[in-house]
Amino acid sequence: MARMRFDFDQTKKPELTLSFIRRILNYFKPHALKLILVILLIFATSTLGLVPSLLLQKIVDIALPKHNLPQLGILVGLSISATILLNLLQVAQGYLSTWIAKNITLTMKNNLYRHLSFLPQSFFTTVKEGEILTRLTSDVDGIQQVFQTTFINALSSIFILATTLFALFSMNPILAAVALVTVPLFILPTRKVGKRRWQIAAASQSALSKLNQHTQETLSTSGSTLMKLFTKEDEAFSTFDEINQEVTALQIRESLAGR
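None of the values given here were measured: they were computed from a predicted structure. (Residues numbered from 1 in each chain as written. Predicted model: local features only at pLDDT ≥ 70, side-chain atom pairs only at ≥ 80, totals over all residues. Heavy atoms only, no water.)

S.K.: In this structure, what is going on with the packing of aromatic side chains? I would like to understand it.
M.R.: The relation between two aromatic rings is expressed through the spacing of the ring centres and the mutual angle of the planes. All chains considered together, the criterion is met by four aromatic pairs. The interplanar angle of 80° and the centroid separation of 5.5 Å between the aromatic rings of Phe43 and Phe159 together place this pair among those described as edge-to-face. With Phe43 in helix 2 (residues 32–48) and Phe159 in helix 6 (residues 129–171), this residue pair connects regions lying 116 residues apart in the sequence. Residue Phe159 is classed as buried on the basis of its relative accessible area, which comes to 18%. Geometrically, the ring pair formed by Phe123 and Phe124 is edge-to-face, given 5.2 Å between the ring centres and 90° between the ring planes. (Phe/Tyr/Trp six-rings, centres within 6.5 Å; stacked < 30°, edge-to-face > 60°. Helix = DSSP H or I, 4+ residues; strand = E, 2+ residues; numbered from the N terminus. Buried < 20%, exposed > 50% of the residue type's maximum accessible area, 1.4 Å probe, protein only.)

Have a look at this one:
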């Protein structure tokens, strides 16, 4: 089995080659039907999200000025029903997307662990234990965040933009055209922000590897024995605290990037 490389440059994004895309898609194949259902639910919630606003317009422009109580009751009832249905669909979409992400990370962790278990002993003498642990846990868990935040949110934003523009064009083409012109102003900066967020995420994972390595070295059976033997408890804690603060600061910056 080929040796797994842990020494790549994390500051560079992986190239989106055809083979790389195929490897990613292979993890989604067993969940293709659920993924299609998630996409349909995102489209449904994006469309349904416009309904209460459109109904409110009819309430303000038609039902209230004409004092039409039966029509007002129907419109309010439809608005409440649409909101309830929207919330139910969002819960279903959130559950399915979480289920897919969790099962993909489960498969990835199993494959990675199996791959690591068959590597020669020389591999484990050249790679830090903390780095292996980080790859097996937080790095793989990051796939879930990419799917549930980046992919789902991007798809949701596209559908919301499309349905909103459709509604605007049907009501006021001039206003819709003005809104359409401003869209690139929000899209263009995302490339630069995405690159910056990748760099912060890479630095965060590197710091987390150092934290895991330090924990493994000082709190393992042999490590804790040596720490107590040479009375290095305070020094070990100081190092842990320093790295932990670095990890926390980077994770905060990563969460704020692009917001």
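S.K.: When you look at the pattern of salt bridges in this model, what are you seeing that I'm missing?
M.R.: Side-chain pairs of opposite charge can arise whenever the charged atoms involved come near each other. Inspection of every chain in the model, using the stated rule, returns two salt bridges. Between Glu246 and Lys210 there is a salt bridge, with the nearest N and O atoms lying 3.4 Å from each other. Remark: Lys210 occurs in helix 8 (residues 189–219) and Glu246 occurs in helix 10 (residues 233–256); sequence separation between them is 36 residues. Classification of Lys210 by relative accessible area gives partly exposed; the value is 41%. A salt bridge links Glu235 to Lys232; the nearest nitrogen and oxygen atoms lie 3.3 Å apart. A relative accessible area of 39% means that Lys232 is categorised as partly exposed. (Salt bridge = Lys/Arg side-chain N within 4 Å of Asp/Glu carboxyl O.)

S.K.: Quick question: what am I supposed to make of the confidence of the model for the protein here?
M.R.: Regions with low pLDDT should not have their predicted coordinates read in detail. Looking at the protein as a whole, the pLDDT averages 83, with 89% of positions reaching at least 70. At the level of individual helices and strands, the protein shows its lowest average pLDDT in helix 7 (residues 173–187), which scores 76, and its highest in helix 2, which scores 94. This stretch, residues 1–9, has a pLDDT under 50; its non-local contacts, to residues over four places away or in other chains, come to 19 contacts. (pLDDT = per-residue confidence, 0-100. Contact = heavy atoms within 4.5 Å.)

S.K.: Help me understand the nonpolar core, please; the structure alone is not making it clear to me.
M.R.: Buried together is how nonpolar side chains tend to be arranged in soluble globular proteins. Grouped together as the largest cluster of nonpolar side chains are 26 residues, with contacts concentrated most on Phe28, Val38, Ile42, Ile100, Leu116, Phe123 and Phe147. When contributions to this core are tallied by element, the ones reaching two or more residues are helix 2, helix 4 (69–117) and helix 6. The element contributing the most residues to this core is helix 4, with ten residues. Listed in part, the six residues of the second largest apolar core include Ala207, Leu208, Ile243 and Leu250. (Core = buried A, V, L, I, M, F, W, Y, C linked by side-chain atoms within 4.5 Å.)

S.K.: Even after reading the chapter, I still don't get the side chain of Gln93, so can you show me in this structure?
M.R.: With respect to the secondary-structure elements, Gln93 resides in helix 4. Note on Gln93: relative accessible area 13%, which makes it buried. With near-sequence residues (within four places) excluded, Gln93 lies in contact with Val38, Leu41, Ile42 and Ile152.

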